[in-house]
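# Summary of the model geometry
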Amino acid sequence: MSALFDLTGRVAFVTGGGSGIGRRMAEALAAAGAAVVVAGRRTVPLAETVSGVNASGGRAAAVTADLGDLPSLDAVAALAAETFGAPDILVNAAGINLRQPAEEVTLESWEQTVAVQLSAPFFLARALVPAMRDRGWGRIVNIASLQSVRAMPNSMPYGAAKGGICQLTRAMAEAWSRHGITANAIAPGFFPTELTAPVFADAARAAEMAARTAIGRNGRLEDLDGPTVFLASRASDYVTGQTLFVDGGFTAK
Ligand code: NAP
């Protein structure tokens, strides 16, 4: 059974891998045997992920890139293949939430949010799919959100992009699954990261979010390990186009 989850010999490209959920997913993939390449704008957090993975006996490299710069993404995809070869697994975990009331959203902030969370996953996947197709195997794991299906205050561009990523996931599955490339999304519940630090800083709000789950607590980053390796491995060969909510039952209530 363990062979189904074994990622030895695979290469994973994880955007947003310098922090939070992306870092944890990169670490999980590395622990399952994959060589991982992490991407983000800040070099120092990426280097921390790389040294952490290497110290645990894994193999990792970093690509510093602004994924909101959409015309650069073919070049970013080429860089992702430089150290360990063409990625078999793409995890689109980069994200931002500027938490602006609708009245304060600007054209620039709208476009930045949608570019990083919706456009970059498409253009990166499209650039990496040909090599996956040549091998007849690939995995795309997008990151959705509670806000893919629930509206929350001051998050209109974020929620729109997170709604879109679920449909993009289905469209990717429709286009590429026949070539052995599955596309799925993980929708995390409420997890403590840089992105959610302002919300976790408000203990009452954090407790309210925990109370809205079926399990009765907010997420811990390790809760993502199993779902990540499942969707990145042969264990999920016949699963495609799906969004897996790893949310403690928040959306079940
Ligand atoms: P995080 O620690 O802030 O991670 C976001 C990552 O995205 C950072 O590593 C950041 O790196 C990278 N990023 C942002 N803009 C970028 C850009 N223009 N180019 C390249 N990289 C960029 O927060 P997180 O919570 O782990 O978020 C990871 C994903 O999970 C996001 O898609 C988020 O929407 C999603 N999510 C989080 C939660 C939660 O409760 N935390 C819930 C649902 C979904 P740089 O700043 O160095 O670029």
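One can find the structure itself at the top, above this paragraph.
Here's a quick rundown of the structure. Residue positions within a chain follow its written sequence, with the count starting from 1. The predicted origin of the model limits local features to residues at a pLDDT of at least 70 and limits the giving and counting of side-chain atom pairs to 80 or more, whereas totals for whole chains, interfaces and linings rest on all residues. No hydrogens and no water enter the side-chain calculation; it runs on all heavy atoms of the structure.

### Examining helix 4 (residues 73–80)
To keep it simple, the criterion reads: Here the term buried applies to any residue with accessible area under 20% of the maximum for its type, exposed to any over 50%, and partly exposed to those in between, with areas from a 1.4 Å probe on protein chains only. Each helix is a run of DSSP H or I of at least 4 residues and each strand a run of E of at least 2, with the numbering of both proceeding from the N terminus. When we speak of the arc, we mean the arc of directions from the helix axis to the C-beta atoms. Note on contacts: a residue pair qualifies if any of its non-hydrogen atoms lie within 4.5 Å across the two residues.
Taken together, the buried positions of helix 4 are occupied by Leu-73, Val-76, Ala-77 and Ala-80. End-on, the buried residues of helix 4 take up no more than an arc of 100°, which puts them together on one face. The elements touched by buried residues of helix 4 are strand 1 (11–15), strand 2 (35–40), strand 3 (59–64) and helix 5 (107–135).

### A word on the site of the ligand
For clarity, the threshold we go by: Whether a residue is near a molecule or strand is decided by its heavy atoms; if any one of them lies within 4 Å of it, the residue is near. Polar contacts, as counted here, are pairs of nitrogen or oxygen atoms within 3.5 Å of one another; within protein the pair requires one atom able to donate a hydrogen and one able to accept it, and residues that are adjacent in sequence qualify only if both atoms are side-chain atoms. We get accessible surface area from the Shrake-Rupley algorithm with a probe of 1.4 Å; when it comes to residues, only the shown protein chains can shield them.
Contacts to the ligand come from 30 residues, most closely from Ser-19, Ile-21, Arg-41, Tyr-158 and Thr-193. A distance of 2.8 Å separates an oxygen atom of the ligand from a polar side-chain atom of Arg-42. Within the complex, the protein chains bury 95% of what would otherwise be the 880 Å² of accessible surface of the ligand. Broken down by secondary-structure element, the contributors of at least two residues to the shell around the ligand are helix 2 (20–31), helix 5 and helix 6 (156–176).

### Structural notes on the sheet that holds strand 4 (residues 89–92)
The condition is simple: DSSP-based pairing: two strands are paired if at least 2 bridges between them are found. Throughout, an axis means a line fitted to C-alpha atoms (over the contacting stretch in the case of helices), and angles, computed between N-to-C directions, take values from 0 to 180 degrees.
Reading across the sheet, the 7 strands line up as 3-2-1-4-5-6-7 and stay open at both edges, with parallel pairing between neighbours. If you trace the sheet from one side to the other, it starts and ends with strand 3 and strand 7 (243–246), each paired once. Direction aside, neighbouring strands of the sheet carry axes that sit 20° apart on average. Against the sheet, helix 6 makes contact with strand 5 (138–143), strand 6 (181–188) and strand 7, and its axis sits at roughly 165° relative to strand 5, the strand it touches most. With respect to the sheet, helix 9 (residues 225–232) is in contact with strand 4, strand 5, strand 6 and strand 7, its orientation differing from that of strand 6 by roughly 165°.

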